[in-house]
Each structure stands twice: as structure tokens, then as C-alpha cells.
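# Topology and contacts: notes
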Amino acid sequence: MTLVTETAIDAAADPRDRGGPAQPMLIVENIKKYFPIRAGLLNRKVAEVKAVDDISFYVMKGETLGIVGESGCGKSTLARLLMYLIERDEGNLVLDGDLVGEKSGVPIDALRRSLQMVFQDSYSSLNPRLPIEQSIAYGPKVQGIKPKKAKEQAQDLLGKVGLRPNLFSQRYPHELSGGQKQRVNIARALALDPRLLILDEAVSALDKSVEAQVLNLLSELKEQLNLTYIFISHDLHVVQYISDRVLVMYLGQVVEIGPVDKLYSNPKHPYTQALLACRLSMDPDERVDAAPLAGDPPNPVNPPSGCRFHTRCPHAEDICMAKAPALGDVLKATPDQHLAACHMAQAGSGHSKAPATLAELFNI
Amino acid sequence: MSVIPADSASLPAAQGAPATKVRGYWGSVWNRLRYDYVTLFCLGLIIVIILLAVFAPWLSPMDPEKSSMANRLRPIGYKKYLLGTDEQGRDMVSRLLWGGRVSLMMGILPVVFATLVGGMFGVVAGYYGGKVNMVIMRTMDIFFAFPSVLLAVAIAGSLGGGIGNQMLTLTVVLIPPICRVAETATSQVRALDFVDAARASGASTISILFSHVLINVLSPVLVYSSTLVSISIILASGLSFLGLGVSPPTADWGLMLSTLRQSIYVQPIVTALPGIAILITSIAFNLVSDGLRQAMDVKA
């Protein structure tokens, strides 16, 4: 992990930095969350929804990591797990070189100051009975900052997100438009001076022009405040625009991860290929009639054997049903490495379209 | 997307703009209430009724418990008796004023206590959910299984009469419905993202409950409780009517109705007076709560 992407800014300038520029901002190790399904008279656990199933990745400092996937693939659960809003079953978080934990390492309170989240639904993520200034100042006040100072900070932040403080600070959420509310949400997330911002479908509910404004605002803030983003979205165009690296999720697992250019120009996993083919094209000659990906995703309670995508994959073979393809060691890979959990991408996997191994090449 | 100019974050012209005066939440509630004349009229009526009850010792022309065998069941306007006399020759004006003290107290105090207790249980049940919710709400369901009048009679019957026991009875009867309303409102608020956002900023549960949950649960609970005032007055009157509330000769609207009912063929209008007092008071409370519900509804 010595290689730093070009986009990674000089983190040494930040007084909050501890691990140096080569240390990822956040490392997620083998994180798992199964939701129990209870039924019957005794409320016994009859099954589990494998919402997030053994996911590992890291985010470099100053980087934007895009996370894409269909609805229900576990993107939001992952975000909430990172925020400690739901308890994880297994796995570790390493924040700037320090293990986040109950007993040792960085306390959860410190994690919350470094990690903040912007929620998808801009309406329900603001308290309808509080003026927005109070909503923004609430977090700092909880963390022990004097009310007067928290209020001044809130006014500052409103200015930063492009809302005039003296015009907006006393307004209620219902007096704002969707885009303005999302700006307030961003300001609220920034109030604790975080280093990593998780944006969970933060622009998905906005119309295109407002979406563009908020995206530009996010780019500006990232430079001004030395931020790192995890950008969760189902909109592949937006992810391509804002991300440095992209992680593709399918049924609670990572199927492909890589730099945005490599992944978009040369997707290795058939699922990523299908997702990219689903994008609307501006060119009428490139219109597709048939949906590249048919049917619903399989039930996460009882995921398919082997590769979870084999039920919908056009290239599925016997090996795909029998054996789950490995993604490789994501945590040891460099940021510019492009990994895919597909037998076709791995030499010697037994799939007919897999690249030849050295032995086969030389006919030994 | 880069062709769309970024909204300037520094806003140079902003400093000159005048600060807008924005009403607070209660200010905006009052602003909506100001033009609701029915609610304002009923609010005025309630204030007058409360003032009449409070100043009963000074306002009532006669002793409400002094009977006169010679002047029993006199009609309205008979000599010095402005509203006639009851079956023991006691002045109806004085008895209605004094009875209002007991009846209003029975209407308001049990509702206040039940709102505090039931609201607290409901908020706790709604916020924590799971087992806590099950224990609290199933206990409330046991009380729900009985019709409220029957429950009140059963509790009052086992506790015995008297003002204190009657108030306790009414409080117990009113707790479950308030608890249910508070629980529903809280569990709805609990599911909203701003509670998660508050948790993500490291706030304690107590702080979230007080700063974010209560303020949103308050208006549905307050509105519902205000409708219960009239129900409480009627229940209290019913208990007194059955002899399970205040005991004679204390004046109370329900008790007066109960004792006067034998005389309904002799003096129908005088007999109806305590009933009319209950009717006016409960309608006023109902209309005010209706107006409050509309005024407290924050929308665009």
C-alpha cells in the first residue's frame, strides 16, 4: 500500500493526520451483517438475510470511493455499519491506522467525529420542528462546544454550502426546497469537522440541475476541507463523474473494484458489464431494446450456490454453480489495481472463457 | 456537468442582505390560531368557565349547601333564585358555580397526570421498541380490553369514593389511550433519518429524546389529551352520578344531575341545567382541541 493515487492530496498538512499519506483513511476488514428473520410462537430465528456478507475495502486519504449496485444489494446497510448506527456481526474498522473498537483503539465517539454521513432522504433527515441552524449546531453542542460558538459555526457552514446565513438560519425544513435541504444536510454532516464523509444516495432524490449544483458543491468542499468521500449511488453517470475508484456490490458482496477509468472502460465482471450497458445513451444508434439484466436479484436469505450472479449471468457454466470466485486480497492490492470476483477473469479457474494460465500457454 | 456554474460558496453579496424575521414554532401556531374565530371563542368560553369556578366563593350569591325546605324546586327566576332551586331548596346558581370547581378539576387534573405518565411510557415504548415496547403496550392492552366506563366503575368501586380516589381512577383510565398515541407518534419519529443523524453525531439517548423526539411527539399528544378533558368531565360526572365520586352535599355537576333526575317532571329545565353546563364545557374543549390540531399541523 505504498502507492498513493494522484488524487490523494498532501495529507501531511492536516493536523488531524496520524498515519501519514500512505495510510488509508479507513480500512474495512471482513465486515458482516446478517439480519435474523424470526417467526413462530417462540420467535425463533428461522433464517438470515445476508445483507452485508464479508466485505473488505479501503479508502485512501483525499480519495472518492464510489459504491454502486442495485437496490437492496446492501449499500445502505454498509453505510450504516460504518457509522455504527447498526451493530455489525463481524469485522473490523481501522481509522487512519488505529483500530476502532469498544475495548482498545479509537473510541466510537472519536470515529463519529471523523466520520459523518449525509442521508438519502433530505426531508426526513432534518427535524421538522427545529430551525435549520439548530439542527446544524446540535452535533457540536452534544460534543461539548458552547452553544454560542456552535451557533456561529452553523452560520459559517451555511455560508459554505451556499445558503445565506441571515436569510436561512432561522428557517424550518418545510420552508426549503429539496436541494436546499440537502445542502443543510451536508452542512450538518460537516459541523463536526469530519475527515470522511459517507454520502448515501445524497443526490439521488434531486432533479438534474440541482444534482449538478450539489455535486459541484461537494467537489469544492472536498478541496477546501480536505475531505475523503464514500459516495454511494445507483447512478453510474454520477459515480463516474465524482469517483476516483469504484466498488461494485451484488447481493451483499463486492464483485469488482478498481480505478474509475479502468472499471468503466474495461469492466471484467458480467454484472458490471450489464450495469454499464443499462446506462442511457445520448446516441440514438446505441439504444438497446432488451434489458441487459433481466429479472430480480435472487433472495439474499438463500443466495445461489457458487457465484451469486450465476442465475442471471449470460456466461454461466458448471464451475460458476459449484465454486464461488474469489475477489483476491483487496486490502493488499494497490489503489490502481483492478479486481473482479469472476471465474472468467481468473486464469486456471476452469471456466472456458478464463484467460490461459502460463502452463497452458506453453502447452506443458 | 462542468458547464453548470457552481453556486459560489463565498456569497459576497450576502452580507448586505437584511436578516429575515422568522416566527418560531409557537409563534406560527398562534398566527394560524388568530384567524380561527370558533376556536378563539371556545377558548374564551373555557377561560370564562374556569374563572367562574375559581372565583365561585366570591361570585356565588348564596351558600351552595344551605337548604331551604320552603323553597324546594323553584323555577328559573323565582324571587332571589336566578336559576331556581334544587330538590332541597339550594340555590342553583351557587351550586353550579361551586360544582364547576369540582367538575373542571376532574376534567383537567386527571388528563394532566395521565398525559405525563402515559406520555412517558408511550415515548419510552416507541423509542426503544422490541421487548420494552411489548411489556408496556401489552400491559396497556389489558386496560384497553375493558370499556372505559366499566373500568372506571370497577376501579372506583374498589377504591371507594372521595375526590382523591376519583381522580386516581380517572388518571388510570386515561393513561392507556394517551400512551398508545404517544407510542405511535414516537415510533414514527424514531424511524426518521434525523434521529439516526443525531445518533451519528454521538448524542446520548436522553439528549435525543428531549431535543428531537419530544418536540415532535408533543403536538399529537397535546391535541389528543385536550379531547380527553371533556371525556374526563363526563366520566367523572358518571361516577358521581353512580355515587362513586364525590359524596353529597358537595356540589358537582354529575352529582347534581343524579339527584335532580327524580324531579325531571316537576322542573325539567332546572333539572337539565347541570347537564347543559357539562355539554357547553365539553363542546368548548372539543372545539378548542380541533382548532389546536389544525394550528399545530406544520406543513409547507
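Since the structure is predicted, the reported quantities are computational estimates derived from the model, not experimental observations.

This paragraph deals with the overall build of chain A. The helix and strand tally for chain A stands at 12 helices and 11 strands. For chain A, the C-alpha radius of gyration of 22 Å lies close to 21 Å, the compact-globule estimate for 364 residues. Overall size of chain A, expressed as C-alpha extent along the three principal axes, is 75 × 60 × 55 Å. In chain A, buried positions account for 54% of the 364 residues. Of all intrachain contacts in chain A linking residues separated by at least 6 positions in sequence, the fraction that spans at least 24 positions is 66%. Total accessible area on chain A is roughly 16,200 Å²; 51% of this is exposed by carbon and sulfur atoms. Where the 40 positive side-chain charges of chain A centre and where its 43 negative ones centre are 8 Å apart.

From N to C terminus, chain B includes 11 helices and 0 strands. Secondary structure elements in chain B, listed N-terminal to C-terminal, are α-α-α-α-α-α-α-α-α-α-α. At 25 Å, chain B has a C-alpha radius of gyration far larger than the 19 Å of a compact globule built from 300 residues. On the principal axes, the C-alpha backbone points of chain B span a range of 95 × 50 × 30 Å. Looking at chain B as a whole, 45% of its 300 residues are labelled buried. Accessible surface, chain B: about 14,900 Å² in total, of which carbon and sulfur atoms supply 70%. Computing the positive centroid from 20 side-chain charges and the negative centroid from 14, chain B places the two 5 Å apart.

On to the side chain of E211(A). Residue and element names in this part refer to chain A. Among the structural elements, E211 can be located in helix α7 (residues 208-225). Residue class for E211 comes out buried when judged on its relative accessible area of 3%. Among the polar contacts listed, one links the side chain of E211 to the side chain of K208, at a separation of 3.1 Å. Sequence-distant contacts of E211, defined by excluding residues within four places in its chain, comprise V203, L206, D235 and V238.

Quick look at a nonpolar patch on the surface now. Residues and elements named next belong to chain B. Together, L43, I47, V48, L51, L52, V54, F55, W58 and L59 make up a nonpolar patch on the protein surface, roughly 850 Å² of accessible area in all. Mapped by element, the contributors of at least two residues to the nonpolar patch are α2 (37-54) and α3 (56-59). Among the elements that take part in the nonpolar patch, α2 stands out by supplying 6 residues, more than any other.

Right, let's talk about the packing of aromatic side chains for a bit. Evaluation of the coordinates by the stated rule reveals 5 aromatic pairs over all chains. Ring geometry for Y271(A) against F309(A): centres 5.3 Å apart, planes inclined by 65°, an arrangement best described as edge-to-face. Taken together, the residues Y271(A) in helix α10 (residues 270-277) and F309(A) in the loop between α10 and α11 (318-322) connect sequence positions 38 residues apart. Y271(A) gets classed as buried once you look at its relative accessible area, which sits at 0%. Where Y127(B) meets Y128(B), the ring centres are 5.6 Å apart and the plane angle is 85°; that geometry is what we call edge-to-face.

Turning our eyes to something else, we now look at the sheet that holds strand β1 (residues 26-39) of chain A. Residue and element names in this part refer to chain A. A sheet is described by the order of its strands in space; here 4 strands give the open sequence β2-β1-β4-β5, paired in antiparallel fashion. Edge strands, defined here as strands with exactly one partner in the open sheet, are β2 (44-59) and β5 (98-100). Ignoring which end each strand starts from, the neighbouring axes of this sheet average 30° apart. In this sheet, β2 lies alongside β1 in antiparallel orientation, the contact comprising 11 bridges. The partner of R38 across the bridge, within β2, is K45. Each of β1, β2 and β4 (90-95) touches helix α1 (residues 75-82); the most contacted strand, β1, lies at about 115° to it.

In this section: the nonpolar core. Membership of the largest hydrophobic core comes to 56 residues, with the highest contact counts inside it found for I186(A), L218(A) and F231(A). Per element, the largest residue contribution to this core is 6 residues, and it comes from α7(A). If sequence neighbours within four positions are ignored, I186(A) has contacts with V118(A), V161(A), V214(A), L217(A), L218(A) and L221(A). Listed in part, the 46 residues of the second largest apolar core include V111(B), A125(B), I136(B) and I208(B).

About the cut-offs
Residues numbered from 1 in each chain as written. Chains lettered and ligands numbered in written order. Predicted model: local features only at pLDDT ≥ 70, side-chain atom pairs only at ≥ 80, totals over all residues. Heavy atoms only, no water. Helix = DSSP H or I, 4+ residues; strand = E, 2+ residues; numbered from the N terminus. Rg over C-alpha atoms; globule rule 2.2 N^0.38 Å. Buried < 20%, exposed > 50% of the residue type's maximum accessible area, 1.4 Å probe, protein only. Contact = heavy atoms within 4.5 Å. Areas by Shrake-Rupley, 256 points an atom, 1.4 Å probe, with all protein chains shown as cover. Lys, Arg positive; Asp, Glu negative; His and termini not counted. Charge placed at Lys NZ, Arg CZ, Asp CG, Glu CD. Polar contact = N/O pair within 3.5 Å; in protein donor to acceptor, adjacent residues only side chain to side chain. Patch = residues over 30% accessible without salt bridge, like charges linked within 9 Å, V, L, I, M, F, W, Y side chains within 5 Å. Salt bridge = Lys/Arg side-chain N within 4 Å of Asp/Glu carboxyl O. Phe/Tyr/Trp six-rings, centres within 6.5 Å; stacked < 30°, edge-to-face > 60°. Pairing = 2+ DSSP bridges. Axes fitted to C-alpha atoms, helices over the stretch in contact; angles between N-to-C directions. Core = buried A, V, L, I, M, F, W, Y, C linked by side-chain atoms within 4.5 Å.

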